[in-house]
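Listed here are the chains, written in short residue letters.
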Amino acid sequence: MEGIFAGAQAKVRIPVPSFLAMRCRRDLPSMDRLPGILVGEPRKSTRLRCMKADKEITDGHVMITFNHDDLVNSVEVREWESGKSLNDIAAKQGIRIRRRYRTGHPSESSQDDEDPPHNILEKIIWDKEVEVSQFKWRIPHDALNKAIDSAPPVRDFVGALKASYQRTGLPALIAEVKKASPSRGVLREDFDPVQIAKAYEENGAACLSILTDEKYFQGSFENLEAVRRAGVKCPLLCKEFIIDSWQIYYARSKGADAILLIAAVLPDLDIKCMIKLCRELGLAALVEVHDERELDRVLNIDGIQLIGINNRDLETFEVDISNTKRLLEGERGEIIRRRGITVVGESGLFTPEDISYVQGSGVRAVLVGESLIKKSDPGSAIAGLFGRDVSI
Ligand SMILES: O=P(O)(O)OC[C@@H](O)[C@@H](O)c1c[nH]c2ccccc12
C-alpha cells in the first residue's frame, strides 16, 4: 500500500471507514482505531502517510476530504508518528477509558489478564471492540452501502429540538426507549419499543433515543429499525457506544437520524473525523461530556452543534444534576451561547423542578429515560415531568 503525501495546501482524501483499510492491511499499527485515518508504517517515516485512494478501496465508497494541515497539525498524528500508542495519546487528553487491544486486532494479545477493566464503562467499551470487529467482517461493505442507499431519508434532529423549544418554551424532550441499564437493571418488563415510541411522540417528545446496545441495555438495532419503519416522525438518536466509524454507517443504514459520541471514550481526532463523517451522511452528532475537561476538549472542535451534558458519571453511575449547571457557568456557557450550540441535559431528571433547574442553567433540550419508562403509562408521564401537556 502506497502512502501519499500532499503539499502544504493540498487536500488529502481519506477513505472511511477503517474497516476497509483493515481488510486490505493486516499489519495496521495501533492507530487504526482512528476512523480510517492513520494507516501505514509511521515509525519508518516522519511524513504523514495516508492510504492511497485506489479503486478497490474507493469504489462506491464515501470519501472524506481533510485539509492537509488539519492532519499534519493534529497532535495525535504527530504523537502517533513518534511511536506513541493510542492509549497513551488518549490518556494525555485526560481520557481514562483504555482500549482493550493495543494493536487494534482482537486476534492479538489483549490486556485482560494483566489489567482487567477498571470500571463499567471500560468493560462496555472492551466488549464493544470485540462486537464491532466481528460485525465488520460479517457485514461486507458493499451490503452496508446498499443498505444506506435504500435507507429512509435523514430527518433534521437539531431542527426538531429547536422547533420544539420555540413552540413550548420548555426544553425539547428526547425521550429514551430503554429497557434496562447496568446501573438500574430492568426498567420495564413489558417492553414494546414501537408502542412506547408512538406514545412518546403523541405526548410531545421532539426526538427519540433508541438504545441499541444488547449486552448491557437490552437494546437492539432491530428496535431502531422497527421504530423507524413504524412511521414515527420524531427524529431518532441511535444510542450506541461508538468507537469505530463503521458503526456510524451501520446506524445510518438502520434509519438513525443522529448518533452519540462520548468524549470520555473518543480522542479528539476521532471526534473530529466522526463529526465530518456525520455531516457527509446527513446525521446529527450528539457529543456527550461529563466534566469541564471533556467540555473544553469538545469546545476546541469545530462544527459541533449539539452537546450533551451527562449528569451520570458513566464510570461510577453517580448522578448529580448540578453537574449541568456547573459546566454551563461562566465562560464555557458564554462560548456555547455565542456559537448557538444546543445543550442537552442528560440523565437523572424526574420532576418539573429538575427540568426548570437545568433550563435555568442554559439547557434547551433534555434526554430522559428512567423517569418516563418506569411509569405504567410512559406517554402520559411526559406531562407529569414537565408540569403540563407539551404536545399542544
Ligand atoms: O434514564 P435517565 O437517568 O433519564 O438517563 C437517560 C440517558 O441520559 C442515559 O441513558 C444515558 C446518557 N448517556 C448515555 C450513554 C450511554 C448509555 C446511556 C446513556
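Residues numbered from 1 in each chain as written. Predicted model: local features only at pLDDT ≥ 70, side-chain atom pairs only at ≥ 80, totals over all residues. Heavy atoms only, no water.

## Quick look at the site of the ligand
In the region of the ligand, 16 residues are neighbours, and Glu176, Glu288, Ser347, Gly369 and Glu370 sit closest. Contacts to the ligand include Glu288, whose side-chain N or O atom sits 2.7 Å from a nitrogen atom. Between an oxygen atom of the ligand and a main-chain N or O atom of Gly348, the distance comes to 3.0 Å. For the shell around the ligand, a count of residues per class yields 5 nonpolar, 4 polar and 7 charged. (Near = heavy atom within 4 Å. Polar contact = N/O pair within 3.5 Å; in protein donor to acceptor, adjacent residues only side chain to side chain. Nonpolar A, V, L, I, M, F, W, Y, C, P; charged D, E, K, R; others polar.)

## A look at the pairing of strand β11 (residues 284-289)
Taken across its 6 residues, β11 has 6 buried, putting it largely inside the fold. Across the two faces of β11 the burial is the same, with Ala284, Leu286 and Glu288 and Ala285, Val287 and Val289 all buried. Direction of pairing for strand β10 (residues 258-262) relative to β11: parallel, over a ladder of 5 bridges. When the sheet's bridge partners are listed, Leu261 is paired in β11 with Val287. Regarding the hand of the β-α-β motif, the stretch spanning β11, helix α13 (residues 292-299) and strand β12 (residues 306-310) is right-handed. (Buried < 20%, exposed > 50% of the residue type's maximum accessible area, 1.4 Å probe, protein only. Helix = DSSP H or I, 4+ residues; strand = E, 2+ residues; numbered from the N terminus. Pairing = 2+ DSSP bridges. Right-handed = clockwise from strand over helix to strand, strands pointing away.)

## Digging into the domain arrangement of the protein chain
Each assigned domain of the protein chain is listed with its residue range as follows: domain 1 (75-141) and domain 2 (153-386). Measuring from the centre of the C-alpha atoms in domain 1 to the corresponding centre in domain 2 gives 25 Å. Facing the 25 residues of domain 1 at the interface are 25 residues of domain 2. Summed over the shared surface of domain 1 and domain 2, the result is 5 salt bridges. (Domains from an automatic or database assignment. Contact = heavy atoms within 4.5 Å. Salt bridge = Lys/Arg side-chain N within 4 Å of Asp/Glu carboxyl O.)

## A few points about the pairing of strand β8 (residues 207-211)
With 5 of 5 residues buried, β8 is to be regarded as a mostly interior element. Burial along β8 is two-sided: the residues Cys207, Ser209 and Leu211 and Leu208 and Ile210 are all buried. Direction of pairing for strand β5 (residues 172-177) relative to β8: parallel, over a ladder of 4 bridges. Residue Glu176 lies in a different strand from β8, and its bridge partner there is Ser209. Both β8 and strand β9 (residues 236-239) contribute to a ladder of 4 bridges, which runs parallel. Looking across to β9, one finds that Ser209 is bridged to Leu237. You can see the chain leave β8, run along helix α10 (residues 221-229) and come back into β9, and the turn it takes is right-handed.

## Observations concerning unusual backbone geometry
Even without being a glycine, Phe317 presents a positive backbone phi close to 75°. Relative to the helices and strands, Phe317 is located in the loop between β12 and α14 (322-328). The residue Ser347 is not glycine, and still its phi comes out positive at about 80°. Locating Ser347 in the fold gives a position in the loop between β13 (342-346) and α16 (352-360). The buried category is assigned to Ser347, whose relative accessible area is 13%.

## A few points about the UniProt feature "domain: Indole-3-glycerol phosphate synthase" (unreviewed entry) in the protein chain
UniProt's feature table lists "domain: Indole-3-glycerol phosphate synthase" (unreviewed entry) at residues 121-383, given in the numbering used throughout. The span residues 121-383 shows a helical share of 46% and a strand share of 17%, and its end C-alpha atoms are spaced 32 Å apart. (UniProt positions renumbered as here; feature names shortened; annotations may be inferred.)

## Section: helix α11 (residues 245-253)
For α11, the tally of buried residues reaches 9 of 9 residues, placing the bulk of the element in the interior. Among all positions in α11, only Ser245, Trp246, Gln247, Ile248, Tyr249, Tyr250, Ala251, Arg252 and Ser253 are buried.

## A closer look at the sheet that holds β12
Pairing is parallel in the closed barrel, where 8 strands are placed in the order β5-β8-β9-β10-β11-β12-β13-β14. Across this sheet, the average inter-strand angle for adjacent strands is 25°, counted without regard to direction. Of the strand pairs in this sheet, β5 and strand β14 (residues 365-368) are connected by 4 bridges, and their pairing is parallel. Across the sheet, Ile174 pairs through a bridge with Leu367, a residue of β14. Relative to the sheet, helix α8 (residues 157-168) contacts β5, β8, β9, β10, β11, β12, β13 and β14, its axis offset from that of β5 by approximately 125°. (Axes fitted to C-alpha atoms, helices over the stretch in contact; angles between N-to-C directions.)

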